[in-house]
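Chain by chain, the residues run as shown.
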Amino acid sequence: MRLLMLRHAKSAWDVPGAADFDRPLAPRGRRAATMIGEHLATHRLLPDRILCSSAKRTRETLIGLLPVISGDLEIRITRDLYEVTPEAYADSIAALGGSAKTLLLIGHNPSVQECALELIGSGNPALRDEIAEKFPTAGLAVIDFDHHKWSELRPRTGRVVAFFRPRELEVVGSEPPSDDE
């Protein structure tokens with residue numbers, strides 16, 4: 001089984017009076033969400049199921065991914081991934097992962113970062129160190145498990161196989177960011 005842990009893309013902080021839950025993506029965030037979606041498709045990291053926080057910026061990140069994700073897909077948008085602990089993230093994965101072979105979780109820091117670190121037990125130590133150092137907006141950790149059911153998820157049973165940052169993807173294959181950051 002494969003878990004894709006995605007932190008929402010860059011959000012806008014310049015919306016007067018907007019509650020944290022209602023903050024939208026910034027223009028840079030919309031571009032990053034599309035770029036991550038294209039990266040998922042190009043590298044065949046396509047999920048069977050998506051668990052997404054119900055906050056506006058995570059839902060808008062999901063919208064940026066959808067045009068390039070093809071095939072049958074189950075999407076669960078849940079408040080259970082907003083302002084909760086890393087343990088609650090792991091509980092949601094175990095409870096809501098269903099029969100997905102590849103599960104994408106779109107959430108928030110610090111819970112995405114801390115949950116990923118708690119689940120990683122093996123793999124490239126440099127990748128684990130990079131995740132521990134900084135999990136940027138639109139950062140994506142790819143963690144594989146030998147389990148057959150998400151309900152079997154336990155700490156330190158995952159193997160980190162990749163960690164992608166949007167700035168690296170910009171360098172590799174797309175236009176440089178504009179000055180609206």
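Residues numbered from 1 in each chain as written. Predicted model: local features only at pLDDT ≥ 70, side-chain atom pairs only at ≥ 80, totals over all residues. Heavy atoms only, no water.

### Digging into the overall build of the protein chain
For the record, the criterion: Helix and strand labels come from DSSP, where a helix needs a run of H or I of at least four residues and a strand needs a run of E of at least two; each type is numbered from the N terminus. Only C-alpha atoms enter the radius of gyration; for comparison, a globular chain is expected to reach 2.2 Å times N to the power 0.38, where N is the number of residues. Remark: exposure states derive from per-residue accessible area (1.4 Å probe, protein chains only) relative to the maximum for the residue type, with buried under 20%, exposed over 50%, and partly exposed in between. The contact rule is simple, with two residues in contact once any of their heavy atoms fall within 4.5 Å. In this description, accessible areas are obtained by the Shrake-Rupley approach with a 1.4 Å probe, and a residue is regarded as covered only by the protein chains that are shown. We treat Lys and Arg as the positive residues and Asp and Glu as the negative residues; His and chain ends play no part in the count. Throughout, a charge is located at the NZ atom of Lys, the CZ atom of Arg, the CG atom of Asp or the CD atom of Glu.
Helices and strands together make up the secondary structure of the protein chain, namely 6 helices and 7 strands. Start at the N end of the protein chain and walk to the C end: the helices and strands fall as β-α-β-α-β-α-β-α-β-α-β-β-α. Expected size for 181 residues packed as a compact globule is a radius of gyration near 16 Å; at 15 Å, the protein chain falls within 12% of this value. Evaluated residue by residue, the protein chain yields a buried proportion of 50% over its 181 residues. Taking contacts inside the protein chain between residues at least 6 apart in sequence as the whole, the part at least 24 apart equals 74%. Working note: accessible area of the protein chain is about 9,000 Å², and carbon and sulfur atoms make up 50% of it. Averaging the locations of the 23 positively and 26 negatively charged side chains of the protein chain gives two centres separated by 2 Å.

### Digging into helix α2 (residues 56-65)
To be explicit about the condition: Along the arc lie the directions from the helix axis toward the C-beta atoms.
Buried residues of α2: Arg57, Thr58, Thr61, Leu62, Gly64 and Leu65, and no others. What you see down the axis of α2 is that its buried residues fit within an arc of 160°, all on one side. Along its buried surface, α2 packs onto β1 (2-7), α1 (27-42), β2 (49-53), β3 (74-78) and β4 (102-107).

### Here's the deal with the side chain of Thr137
Position of Thr137 among the secondary structure elements: in the loop between α5 (125-133) and β6 (140-144). What Thr137 contacts, discounting residues up to four positions off in sequence, is Arg7, His8, Ala9, Lys10, Arg28 and Pro166.

### Some words on the nonpolar core
Soluble globular proteins: nonpolar side chains tend toward being buried together. Note the cut-off: Only buried residues count toward a nonpolar core, which is a set of Ala, Val, Leu, Ile, Met, Phe, Trp, Tyr and Cys residues joined through side-chain atoms within 4.5 Å.
Leu3, Met5, Ile93, Ile131 and Trp150 are the most contacted members of the largest nonpolar core, which totals 28 residues. When residues of this core are traced back to their parent elements, those giving at least two are β1, α3 (86-96), β4, α4 (111-119), α5, β6 and β7 (158-164). No other element matches the 5 residues that α4 contributes to this core. Non-local contacts of Met5, meaning those with residues more than four positions away in its chain, are made with Tyr89, Leu105, Val112, Cys115, Ala116, Phe135, Gly139, Leu140, Ala141 and Ile143. Listed in part, the 23 residues of the second largest apolar core include Leu6, Leu62, Leu65 and Leu104.

### Some remarks on the pattern of salt bridges
Heads up, the condition is: In what follows, salt bridge is the name for a side-chain nitrogen of Lys or Arg lying within 4 Å of a carboxyl oxygen of Asp or Glu.
Going through the model one piece at a time under the given rule, you end up with 7 salt bridges. Linking Asp144 and Arg2 is a salt bridge whose minimum nitrogen-to-oxygen distance equals 2.6 Å. Residue Asp144 is located in strand β6, and its partner Arg2 is located in strand β1; the two are separated by 142 residues in the primary sequence. Here the residues in one salt-bridge network are Arg2, Asp144 and Arg159, joined through shared partners.

### Structural notes on a nonpolar patch on the surface
We count it as follows: Each patch groups residues whose relative accessible area exceeds 30% and which form no salt bridge, using 9 Å between like charges and 5 Å between nonpolar side chains of Val, Leu, Ile, Met, Phe, Trp and Tyr.
Together, Leu66, Ile75 and Ile77 line one region of the surface with nonpolar side chains, adding up to about 230 Å² of accessible area. Relative to the helices and strands, Ile77 resides in strand β3. Residue Ile77 is classed as partly exposed on the basis of its relative accessible area of 43%.

### Notes on the sheet that holds β2
Heads up, the condition is: Should DSSP find at least two bridges between two strands, the strands are taken to pair. All axes here are fitted lines through C-alpha atoms, helices being fitted over the stretch that makes contact, and every angle between N-to-C directions spans 0 to 180 degrees.
Strand order across the open sheet formed by 7 strands is β3-β2-β4-β1-β6-β7-β5, with mixed pairing between neighbours. At either margin of the open sheet sits one strand with a lone partner, and together these are β3 and β5 (120-123). Strand after strand, the sheet turns through a mean of 25° between neighbouring axes, direction not considered. Pairing of β1 with β6 involves 5 bridges; the strand directions are antiparallel.

### Focus: the packing of aromatic side chains
In this description, an aromatic ring pair is defined by two values, namely the gap between the centres and the angle between the planes. The following threshold applies: Pairing of aromatic rings covers Phe, Tyr and Trp, the last through its six-membered ring, and needs centres within 6.5 Å; plane angles under 30 degrees mean stacked, over 60 mean edge-to-face, and all others mean tilted. Two conditions define a charge sitting above a ring: the NZ of Lys or the CZ of Arg must be within 6 Å of the ring centre, and it must be within 35 degrees of the ring normal.
Scanning the entire structure with this criterion turns up 3 aromatic pairs. The ring of Trp13 is capped by Arg23, whose NZ or CZ atom sits 3.6 Å from the centre of that ring.

### Focus on the packing of α3 against α4
Where we set the bar: Geometric relationships in this document are graded by angle, where less than 35 degrees denotes roughly parallel, more than 145 denotes roughly antiparallel, 65 to 115 denotes roughly perpendicular, and other angles denote oblique. For any pair of crossing helices, the crossing counts as left-handed if the nearer helix is rotated counterclockwise from the farther one by less than a right angle, and right-handed if it is rotated clockwise. Lys, Arg, Asp and Glu make up the charged group, whereas Ala, Val, Leu, Ile, Met, Phe, Trp, Tyr, Cys and Pro make up the nonpolar group; the residues left over, Gly among them, are polar.
Where α3 contacts α4, the two axes come as close as 8 Å, and the packing angle between them is 70°. The angle between α3 and α4 falls in the class roughly perpendicular. Considering only the axes of α3 and α4, their crossing is right-handed. In contact with Pro86, Tyr89, Ala90 and Ile93 of α3, α4 contributes Ser111, Val112, Glu114, Cys115 and Leu119. Taken together, the residues of the contact of α3 with α4 break down into 7 nonpolar, 1 polar and 1 charged.

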